[in-house]
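Architecture and fold: a report
So the chains spell out like this:
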Amino acid sequence: MIFTSSGAGYHSESKAKEYKHVCKRACQKAVDRLRAGGMALEAVTAALIELEDSPFTNAGTGSNLNLSGEIECDASIMDGKSLNYGAVGALSGIKNPVLVARRLLTRLSVGKGAEQWAISHGIPACPTEKMTTKFSLSGYKRNKRKMELAEQVEMKRKRQSCEHENNSACLDTVGAVVVDREGNVAAAVSSGGLAMKHPGRVGQAAHYGCGCWAENARDISLYSTAVSTSGSGEHLIRTMLARECSTAMQAENTHQALLEAMQNKFISSPFLAGEDCVLGGVIVLRCCTCGEAQRSEDIQAVLVEFLWSHTTESMCVGYMSAQDSKARTHISRLPPGAVAGQSLAIEGGVCRLGTVSD
């Protein structure tokens, strides 16, 4: 099964179709790999490549531009079977950062060194101008003008205000979590980071335990879990939300456990005590072979639970099993009257024996 997100942030109704289509294509790519006998790590990579290639996401092609007008991407991937983790930070000149992260399993590389390593290992270079879209370029020019005006008045305060304004609506780190037919899980994330960020800034997508987490059950009494996060990198890094949510998923009631994790470990986290607007979202998958399923080696007998939660205004998700004819997509929104950064939405479903129920 594959569970994807094109990001937590704000998704306008006018572009809802495009965001859903991105998630649908990513799910299909991953399921194609699973049907062909591919492992979870292969499937999650395939999903991320599709998400990175979309001009509508803030990852790979179409990523936000930094202060210098360049694209610098972060990405990470984790294999639940081996617990290997690979990541890249502030990577320029590479179309699909997740491919470098996967090649780097057990390592982290950043900046120019990461780009040179990728090229030397056969991953083709791709100049910024080919990854820049009309949307990201117009956003850069608009933000640049605002910052130039701000510098004439009160540079530091105005710049921070401008940065918050332009990123609160576009915190769309993409991600995916997968479980394969053998019950192995994997997770991955990719992001172009904040618009107008300082060159060299590295967000949660490259940090261990913050962007993604995947861990196979080591005991029959435990669950296998996979998590991908999206939102404000600084908030997700300081709370290590991916790992916190994975730990919470060992509780019996997944819905209640995720609700408490988002409330207590994120919105009300002591590490974010000075923040009045905590922005983030997660997609979570957990599976187990319990009851009669313990006697079966068929992954179809495994119970898979998947949930998503966010404090941002909205979050776009998609999910699909190898037995489904097409992916299901959904743009989740906060309840009416809820305040972004202070409230949360949570939903989910269950997949068993090739059937999905919400």
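Structure first, text after, so check above.
These remarks concern the structure in this document. (Residues numbered from 1 in each chain as written. Predicted model: local features only at pLDDT ≥ 70, side-chain atom pairs only at ≥ 80, totals over all residues. Heavy atoms only, no water.)

Brief notes about the overall build of the protein chain
Within the protein chain one finds nine helices and 14 strands. Every one of the 358 residues in the protein chain was classed for burial, and the buried ones make up 57%. Surface exposure of the protein chain reaches about 15,000 Å², of which carbon and sulfur atoms provide 51%. (Helix = DSSP H or I, 4+ residues; strand = E, 2+ residues; numbered from the N terminus. Buried < 20%, exposed > 50% of the residue type's maximum accessible area, 1.4 Å probe, protein only. Areas by Shrake-Rupley, 256 points an atom, 1.4 Å probe, with all protein chains shown as cover.)

Examining the packing of helix H8 (residues 241-248) against helix H9 (residues 254-267)
Angle between the axes and distance between the axes: these two values describe a pair of packed helices. Running from N to C, H8 and H9 cross one another at 145 degrees; their axes reach a closest spacing of 9 Å. Regarding H8 and H9, the two cross each other, and that crossing is right-handed. Contacts from Leu241, Glu244, Cys245 and Ala248 in H8 reach Ala257, Leu258, Ala261, Met262, Lys265 and Phe266 in H9. For the contact of H8 with H9, the residue count by class is eight nonpolar, no polar and two charged. (Axes fitted to C-alpha atoms, helices over the stretch in contact; angles between N-to-C directions. Left-handed = near helix turned anticlockwise from the far one by under 90°. Contact = heavy atoms within 4.5 Å. Nonpolar A, V, L, I, M, F, W, Y, C, P; charged D, E, K, R; others polar.)

Details of the pattern of salt bridges
What the rule picks out here adds up to seven salt bridges. Where Glu13 meets Arg333, a salt bridge forms, and the shortest distance between an N and an O atom there is 3.4 Å. Of this pair, Glu13 sits in the loop between strand S1 (2-9) and helix H1 (16-35) while Arg333 sits in strand S12 (residues 328-333); the two residues are 320 residues apart in sequence, bridging distant segments of the chain. Judged by its relative accessible area of 60%, Glu13 is exposed. Arg333 gets classed as partly exposed once you look at its relative accessible area, which sits at 30%. (Salt bridge = Lys/Arg side-chain N within 4 Å of Asp/Glu carboxyl O.)

A look at helix H2 (residues 40-53)
An ideal rise of 1.5 Å per residue puts 20 Å on 14 residues; H2 measures up with 20 Å between its terminal C-alpha atoms. Along H2, the residues classified as buried are Ala40, Leu41, Ala43, Val44, Thr45, Ala46, Ala47, Leu48, Glu50, Leu51 and Glu52. On the buried face of H2, the contacting elements are S1, H1, strand S2 (73-79), helix H3 (97-103), strand S5 (174-179) and strand S6 (185-191). (Expected span 1.5 Å × (residues − 1).)

Re the nonpolar core
Generally speaking, soluble globular proteins have nonpolar side chains that are buried together. Counting 48 residues, the largest nonpolar core has Phe3, Leu258, Phe266, Val282 and Val304 as its most contacted members. In terms of residue count, H9 provides more of this core than any other element does, six residues in total. What Val304 contacts, discounting residues up to four positions off in sequence, is Met1, Val179, Leu285, Arg286, Cys287, Gly349, Val350 and Cys351. (Core = buried A, V, L, I, M, F, W, Y, C linked by side-chain atoms within 4.5 Å.)

A few points about the pairing of S2
Here is the key point about a regular strand: its side chains alternate between the two faces of the sheet. Among the seven residues of S2, seven are classified as buried, and the element is accordingly described as predominantly covered. Residues Cys73, Ala75, Ile77 and Asp79 point to one face of S2 and Asp74, Ser76 and Met78 to the other, with burial holding for every one of them. With antiparallel pairing between neighbouring strands as the criterion, S2 and strand S3 (residues 85-91) make up a hairpin whose turn holds five residues, including Leu83 at a positive phi of roughly 65 degrees. Sheet topology places S2 next to S6; six bridges connect them, and they run antiparallel. Counterpart to Asp74 in the pairing with S6 is Ser191. (Pairing = 2+ DSSP bridges.)

Topic: the packing of aromatic side chains
Following the criterion strictly, the structure yields seven aromatic pairs and no others. Here Phe3 and Tyr319 contribute two aromatic rings whose centre-to-centre distance is 6.3 Å and whose plane-to-plane angle is 85 degrees, an arrangement assigned as edge-to-face. Of the two residues, Phe3 sits in strand S1 while Tyr319 sits in strand S11 (residues 314-320), which places them 316 residues apart along the sequence. Measuring from ring centre to ring centre gives 5.2 Å for Tyr208 and Trp213, while their planes differ by 65 degrees; the resulting arrangement is edge-to-face. For Tyr208, a relative accessible area of 43% gives the class partly exposed. Following the ring pairs from residue to residue traces out a cluster consisting of Phe3, Phe306, Trp308 and Tyr319. Above the plane of the ring of Tyr223 lies Arg286, whose end atom (NZ or CZ) is 3.5 Å from the centre. (Phe/Tyr/Trp six-rings, centres within 6.5 Å; stacked < 30°, edge-to-face > 60°. Lys NZ or Arg CZ within 6 Å of the ring centre and 35° of its normal.)

Brief notes about the state of the cysteines
Across all of its chains, the model carries zero disulfides by this definition. Cysteine Cys23 remains unbridged, with the sulfur of Cys316 as its closest cysteine sulfur at 3.9 Å. You can call Cys23 buried: its relative accessible area is 0%. (Disulfide = S-S within 2.5 Å.)

Examining the sheet that holds S1
The mixed open sheet is built from eight strands, whose spatial order is S4-S3-S2-S6-S5-S1-S11-S12. Since the sheet does not close on itself, it has two edges, and those belong to strand S4 (108-110) and S12, each with one partner. Neighbouring strand axes in the sheet, compared pairwise and without regard to direction, differ in orientation by 10 degrees on average. With four bridges connecting them, S1 and S5 associate as antiparallel partners. For Ile2, the partnering residue across the bridge sits in S5 and is Val178. In the packing of H2 onto the sheet, contacts are made with S1, S2, S5 and S6, and the angle to S5 comes to roughly 155 degrees.

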